[in-house]
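# Commentary on secondary and tertiary structure
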Amino acid sequence: DYWDVFAEAAVVLAVLTGRSPGPVVRAQIVVLYATTALYKLTFSFLSSRTSCAPIFVFTLLDSVLPAALNVPSAVVSVLHFSAAYLTVLIEATIPVLLVFWAELGVAVGLLFHFLIAVTPPPNNAGGFSVSIAVKYAFFVTLTQRGGLYFVDAALVASSALLGFHRGRDWALPV
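First, a word on scope: everything that follows refers to the structure included in this document. (Residues numbered from 1 in each chain as written. Predicted model: local features only at pLDDT ≥ 70, side-chain atom pairs only at ≥ 80, totals over all residues. Heavy atoms only, no water.)

### Concerning the overall build of the protein chain
Spelled out, the test is: Each helix corresponds to a stretch of at least 4 residues labelled H or I by DSSP, and each strand to a stretch of at least 2 residues labelled E; elements are numbered beginning at the N terminus. Each residue gets one of three labels from its accessible area relative to the maximum for its type: buried under 20%, exposed over 50%, partly exposed in between, using a 1.4 Å probe on protein chains only. Any two residues whose heavy atoms approach within 4.5 Å are treated as being in contact. Computed by Shrake-Rupley with a 1.4 Å probe, the accessible areas treat only the displayed protein chains as cover when residues are assessed.
From N to C terminus, the protein chain includes 8 helices and 4 strands. Counted from the first residue to the last, the protein chain has its helices and strands arranged as α-α-α-α-α-α-α-β-β-α-β-β. When each of the 174 residues of the protein chain is scored for burial, the buried share is 33%. Of all intrachain contacts in the protein chain linking residues separated by at least 6 positions in sequence, the fraction that spans at least 24 positions is 64%. Of the roughly 10,700 Å² of accessible surface on the protein chain, a fraction of 71% belongs to carbon and sulfur atoms.

### Observations concerning the packing of aromatic side chains
Test applied: Two aromatic rings from Phe, Tyr or Trp, using only the six-membered ring of Trp, form a pair when their centres are within 6.5 Å; if the ring planes differ by under 30 degrees the pair is stacked, by over 60 it is edge-to-face, and anything between is tilted.
In total, this model carries 2 aromatic pairs according to the counting rule given. Look at Phe81 and Tyr85: their rings are 5.6 Å apart centre to centre, the planes differ by 35 degrees, and that puts the pair in the tilted class. Remark: Tyr85 and Phe81 occur in helix α5 (residues 73-100); sequence separation between them is 4 residues, near one turn of the helix. Residue classification places Phe81 among the exposed residues on the basis of a relative accessible area of 52%. Where Tyr136 meets Phe139, the ring centres are 6.4 Å apart and the plane angle is 70 degrees; that geometry is what we call edge-to-face. Judged by relative accessible area, which is 1%, Tyr136 ranks as buried.

Here you go:
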């Protein structure tokens, strides 16, 4: 994961030079999401026959929906066809939100990565989701009360859920 190495290097260099790493890490995350969405604009990803997106969606739904639930075939067809387009839409929306409405961008990003992380193996990508959740801390504002610093409880709770799912410790990469 080269992007993670660059993000960590930016933090170290900023600290060594007495600067805040926030602006560089935030820019890296925005560029990462934007290029990820752009690179998914291919026939193979957007085709429901070759994309991994429907596999993620159906694996996740299969793990959370009761077996007795009879989902209409029309709903299944729409999900199968639209999964890749929704993925690109979400991944293109997150950087825009992070720039113009950071709190909502973090919330959407955490929900997106939570769903990726809780997708059952072998289709989950929990390591990347945890790594990106940690970097979202650069987008939230710390508030000080009584000499202590606080961050949004949703960020902390979501990061904890990403780190500890179903009793498995995924460990936070720092």
